[in-house]
Amino acid sequence: APGWSDNPPMVSARVLFVTPQDAEWLVSADTRTGRPYAVDPRVVEGDADYRYLVPGSHGEVFLLGQRPATGRPGGRVRSRAAAVVGRVVRFDPRHPGTPGVPLDLPDAITGRGRAVGGVLYCPTRKGLYVADYTDPRTPVLRGPLIAWEDPARVACEAVVLQSTVLIARGDGTLEAYPVKR
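Residues numbered from 1 in each chain as written. Predicted model: local features only at pLDDT ≥ 70, side-chain atom pairs only at ≥ 80, totals over all residues. Heavy atoms only, no water.

> Break down the sheet that holds strand β7 (residues 84-91) for me, with residues and values.
Across the sheet, which stays open at both edges, the 4 strands sit in the order β5-β6-β7-β8 with antiparallel pairing between neighbours. The open sheet terminates on both sides in strands that have one partner only, identified here as β5 (49-55) and β8 (103-105). Recorded for the sheet is a direction-independent mean angle of 25 degrees between the axes of neighbouring strands. (Pairing = 2+ DSSP bridges. Helix = DSSP H or I, 4+ residues; strand = E, 2+ residues; numbered from the N terminus. Axes fitted to C-alpha atoms, helices over the stretch in contact; angles between N-to-C directions.)

> Quick rundown of a nonpolar patch on the surface? Include the residues and the values.
Judged by side-chain polarity, Val11, Leu16 and Val18 come together as a nonpolar surface patch covering roughly 200 Å² of accessible area. Mapped onto the fold, Val18 is located in strand β2 (residues 15-18). (Patch = residues over 30% accessible without salt bridge, like charges linked within 9 Å, V, L, I, M, F, W, Y side chains within 5 Å. Areas by Shrake-Rupley, 256 points an atom, 1.4 Å probe, with all protein chains shown as cover. Salt bridge = Lys/Arg side-chain N within 4 Å of Asp/Glu carboxyl O.)

> Requested: an account of the pattern of salt bridges, with residues and values cited.
Under the criterion given, the structure shown has 6 salt bridges. Here Arg87 and Asp104 are joined by a salt bridge, their closest N and O atoms 2.5 Å apart. A residue pair is termed long-range when its members are at least 10 positions apart, and Arg87 in strand β7 and Asp104 in strand β8 qualify at 17 residues. With a relative accessible area of 9%, Arg87 lands in the buried category. (Buried < 20%, exposed > 50% of the residue type's maximum accessible area, 1.4 Å probe, protein only.)

> Run through the sheet that holds strand β10 (residues 119-123), naming residues and quoting values.
The antiparallel open sheet is built from 4 strands, whose spatial order is β9-β10-β11-β12. Looking at the sheet topology across the chains shown, the edges are occupied by β9 (114-116) and β12 (140-147). Neighbouring strand axes in the sheet, compared pairwise and without regard to direction, differ in orientation by 25 degrees on average. For β9 and β10, the ladder comprises 3 bridges, and the chain directions are antiparallel.

> Which residues make up unusual backbone geometry, and what values do they have?
Positive phi, close to 45 degrees, is recorded for Ala13, a residue that is not glycine. On the secondary structure map, Ala13 appears in the loop between β1 (10-12) and β2. A relative accessible area of 42% places Ala13 in the partly exposed class. For Arg14, which is not glycine, the phi dihedral falls at a positive 70 degrees. For Arg14, the position within the fold is in the loop between β1 and β2. A residue is classified by how much of its surface remains accessible, and Arg14, at 36% relative accessible area, is partly exposed.

> Tell me what's going on with the pairing of strand β6 (residues 61-68), and back it up with residues and numbers.
The buried fraction of β6 amounts to 6 of the 8 residues, a majority that puts the element mostly inside the structure. Bridging between β5 and β6 involves 6 bridges; their strand directions are antiparallel. From the neighbouring strand, Pro55 faces β6, where its bridge partner is Val61. The antiparallel hairpin formed by β5 and β6 contains 5 residues in its connecting segment, where Gly59 sits at a positive phi of about 90 degrees.

> Break down the confidence of the model for the chain for me, with residues and values.
Mean pLDDT over the chain: 76, with 73% of residues reaching 70 or higher. Segment residues 72-81: pLDDT under 50, and 12 contacts once partners within four positions in sequence are set aside and those in other chains are kept. (pLDDT = per-residue confidence, 0-100. Contact = heavy atoms within 4.5 Å.)

Given below as structure tokens:
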């Protein structure tokens, strides 16, 4: 059933974001006044199924999820292995009439990413990809920053500390990688 993954309430530049786990809605409000900005459908556009919420640093939030993969727009799925691809979009509830530009990743997203400035780090089944939203009108996919040596051990969480990326794996191991610029 559709629904958010376990997203805690979060704040980005005085905007509170809440995702009821059993609903398809994203609720946002000003933290000083309590004035709601919007209650928006979780599926912001198209056929994407957003699961994870990652706060930005300027009142925006990144929605991470996946969508069905097709060989071409409106086409058939290329193969069973490529049944879904990752999808990322930047959303600013203070400007609801300005939808974010979605960015497709080559594989399914496996966990909550992290945003540093306008750069979003997205764990997928094949590696850690970088979505550069420095200019929100023209996001750029850079990556993979890290390709997993063993794709069966997919990442659960990614944390960026200055020039190091920490990966917390599902099996309890913690790995550190230098950020390649």
